[in-house]
Amino acid sequence: MGVKRRGMGIYVGYARPIALALSRPAFAAAALKLAVEAVRSFFLPQNENALFRRRRIVNVDHPLDSTIPLDPSRIGKYLDFVRLWMGSFYYLWKRCGSRSEAALTRYIDAIRELYSDAGSVYWKVHTTTTRPAKNYDLRFALIHATDPHQNCVPSLHVLIVVANWRLALATARELGAEEELGPWIESLRREAVAITESVLFVKQHSVNCIGASLYYLARRGPRLGDELVRSFVRELFAAAPGAPDPAFDAGALRARILEVYEELDASYAARADAAWREPILEFIEGYAQPSGRSVSSMAESISAVSSG
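This is a predicted model, so every value here is computed, not measured.

## A look at the overall build of the protein chain
- Helix and strand content of the protein chain: 13 helices and 4 strands.
- Across the protein chain, contacts joining residues at least 24 apart in sequence account for 78% of those joining residues at least 6 apart.
- Split by element, the accessible area of the protein chain, about 13,300 Å² in all, is 56% carbon and sulfur.

## Some details on the packing of helix H5 (residues 101–122) against helix H7 (residues 156–174)
- At a minimum axis separation of 10 Å, H5 and H7 run at an interaxial angle of 155°. By the angle between their directions, the pair H5 and H7 is classed as roughly antiparallel. The handedness of the crossing between H5 and H7 is right-handed. Here Ala103, Leu104, Arg106, Tyr107, Ala110, Ile111, Leu114, Tyr115, Ala118 and Tyr122 of H5 lie close against H7, whose contacting residues are Leu156, Leu159, Ile160, Ala163, Asn164, Leu167, Ala168, Thr171 and Glu174.
- Here the residues of the contact of H5 with H7 are counted per class, giving 15 nonpolar, 2 polar and 2 charged.

## Re helix H10 (residues 226–235)
- Looking at H10, one finds that the buried residues are Val229, Phe232 and Val233. Across the axial projection of H10, the buried residues extend over an arc of 100°, all falling on one side.
- The elements touched by buried residues of H10 are H7, helix H8 (182–201), helix H9 (207–219) and helix H11 (250–269).
- Directly after H10, the chain includes Phe237, whose backbone phi takes a positive value near 60°.

## A short note on the environment of Leu114
- Residue position: Leu114 is located in helix H5.
- The class for Leu114 is buried, based on a relative accessible area of 2%.
- Once residues within four sequence positions are removed from consideration, Leu114 is found in contact with Leu156, Leu159, Ile160, Ala163 and Tyr216.

## Quick look at the side chain of Arg55
- Within the element layout of this structure, Arg55 appears in the loop between helix H2 (25–52) and strand E3 (57–59).
- According to the relative accessible area criterion, Arg55 is buried, its value standing at 15%.
- A distance of 3.0 Å separates a polar atom in the side chain of Arg55 from the backbone oxygen of Pro45.
- Those residues in contact with Arg55 that sit more than four places away from it in its chain are Pro45, Glu48, Asn49, Tyr122, Trp123, Lys124, Val125 and His126.

## Observations concerning H2
- An ideal rise of 1.5 Å per residue puts 40 Å on 28 residues; H2 measures up with 38 Å between its terminal C-alpha atoms.
- Residue Leu44 marks the point of greatest curvature in H2, where the axis turns by about 40°; the proline Pro45 follows within four residues.
- For H2, the full list of buried residues reads Phe27, Ala30, Leu34, Glu37, Ala38, Ser41, Phe42, Pro45, Gln46, Glu48 and Asn49.
- On its buried face, H2 is in contact with helix H1 (15–23), E3, helix H4 (81–96), H5, strand E4 (126–128) and H7.

## Points about the pattern of salt bridges
- According to the stated counting rule, one finds 26 salt bridges in the structure shown.
- With a shortest N-O distance of 3.0 Å, Arg24 and Glu101 are connected by a salt bridge. Remark: Glu101 occurs in helix H5 and Arg24 occurs in the loop between H1 and H2; sequence separation between them is 77 residues.
- Across the pair Arg220 and Asp117 runs a salt bridge, and its minimum N-O distance is 3.0 Å. Separated by 103 residues along the polypeptide, Arg220 in the loop between H9 and H10 and Asp117 in helix H5 bring together distant segments of the chain.
- Linked by salt bridges that have partners in common, Lys77, Asp80, Arg83 and Glu191 make up one network.

## Side note on the state of the cysteines
- Applying the stated criterion to the full structure yields 0 disulfides.
- With no disulfide of its own, Cys209 lies closest to Cys152 among cysteine sulfurs, the gap being 4.9 Å.

## Thoughts on the nonpolar core
- With 95 residues, the main nonpolar core has Trp85, Tyr115, Leu156, Val162, Trp184, Leu217 and Phe237 as its most contacted residues.
- Sequence-distant contacts of Tyr115, defined by excluding residues within four places in its chain, comprise Leu34, Glu37, Ala38, Ser41, Phe42, Phe81, Leu156 and Ile160.

## Considering the environment of Thr146
- Tracing the backbone through its elements, the reader meets Thr146 in helix H6 (residues 138–146).
- Thr146 sits in the partly exposed class, given a relative accessible area of 46%.
- Separated by 103 residues in the primary sequence, Thr146 and Phe43 have C-alpha atoms spaced 9.2 Å apart.
- A polar contact is formed between the side chain of Thr146 and the backbone oxygen of Leu142, at a distance of 2.7 Å.

## Observations regarding the environment of Ile143
- Positionally, Ile143 belongs in helix H6.
- In this structure, the C-alpha to C-alpha distance between Ile143 and Gln204, residues 61 residues apart in sequence, is 9.7 Å.

## Observations concerning the packing of H2 against H5
- Taken N-terminus to C-terminus, the directions of H2 and H5 make an angle of 15°; their axes are 9 Å apart at the nearest point. The angle between H2 and H5 places the two elements in the roughly parallel class. Of the two elements, H2 crosses H5, and the hand of that crossing is left-handed. Residues Ala26, Phe27, Ala30, Ala31, Lys33, Leu34, Glu37, Ala38, Arg40, Ser41, Phe42 and Pro45 of H2 touch H5, and the partners they reach there are Glu101, Leu104, Thr105, Ile108, Asp109, Ile111, Arg112, Tyr115, Ser116, Gly119 and Tyr122.
- Residue composition of the contact of H2 with H5, grouped by class: 13 nonpolar, 4 polar and 6 charged.

Rules used in this analysis
Residues numbered from 1 in each chain as written. Predicted model: local features only at pLDDT ≥ 70, side-chain atom pairs only at ≥ 80, totals over all residues. Heavy atoms only, no water. Helix = DSSP H or I, 4+ residues; strand = E, 2+ residues; numbered from the N terminus. Contact = heavy atoms within 4.5 Å. Areas by Shrake-Rupley, 256 points an atom, 1.4 Å probe, with all protein chains shown as cover. Axes fitted to C-alpha atoms, helices over the stretch in contact; angles between N-to-C directions. Parallel < 35°, antiparallel > 145°, perpendicular 65-115°, else oblique. Left-handed = near helix turned anticlockwise from the far one by under 90°. Nonpolar A, V, L, I, M, F, W, Y, C, P; charged D, E, K, R; others polar. Buried < 20%, exposed > 50% of the residue type's maximum accessible area, 1.4 Å probe, protein only. Arc of directions from axis to C-beta. Polar contact = N/O pair within 3.5 Å; in protein donor to acceptor, adjacent residues only side chain to side chain. Expected span 1.5 Å × (residues − 1). Bend = angle between axes of the 7 residues up to and from the residue. Salt bridge = Lys/Arg side-chain N within 4 Å of Asp/Glu carboxyl O. Disulfide = S-S within 2.5 Å. Core = buried A, V, L, I, M, F, W, Y, C linked by side-chain atoms within 4.5 Å.

Limitation: the analysis is restricted to geometry and does not speak to function.
Structure, rendered in structure tokens:
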């Protein structure tokens, strides 16, 4: 197949998936729409705001973030998120052939929708976290130079790698290849866990960002069930961080991630007419307040104002 395995995931670089996308009109059209959406919904809002300051920037750090040791060695894993889904797209094509064209076109469209949905939050309010100014290598320097770091909630890193695992499973199932591709799909799940962890170890996100992103994935996108969310969280930080740190508490990190997920999901469930964005926007608003209130207390305040 010419597919290169690296670590727990399957990566083929960029050239082969791009060449495949350009070889089929349906893929090319879907890929072009995705590229335009990525610019419109991710790069444009934060770069425009960095220049003109048209929207607020809310810091969503949690005290637990300071207990997570910085691990610059994980920057490569952090940067793998695009190559992961592109490699998955390519691998499915190589294994299933032309009969997969319609399903893989929808696959690309589903990734585009993640950008679009995330952008619908970014265009309203920006979120950031505290990250180190030091450039540990060229990759850190590139990130710091090109990413204004204003689109943290929801995290597109988390959305894409977790959705990629579920999209690959759904596509394999649709094509009757679920059993054959089972071990490969399992590797995508493990890679989603590793990349999700990396966003914290390289200080690009907060535990809050992960919880909010999992809420989105439960209510939109692949619509993970509650047990899938919980089992995914249980796997996070199962291995100790590279540099042992007595302050590092994996259980506390998992508990906070689930706490955010549960609060946002309960807020959504309590209001049948609410859009999925509302709990996320309320959560961000809570961090914009001096007290840093939770989404539940913000919802109570908003309700009190409305009833008054």
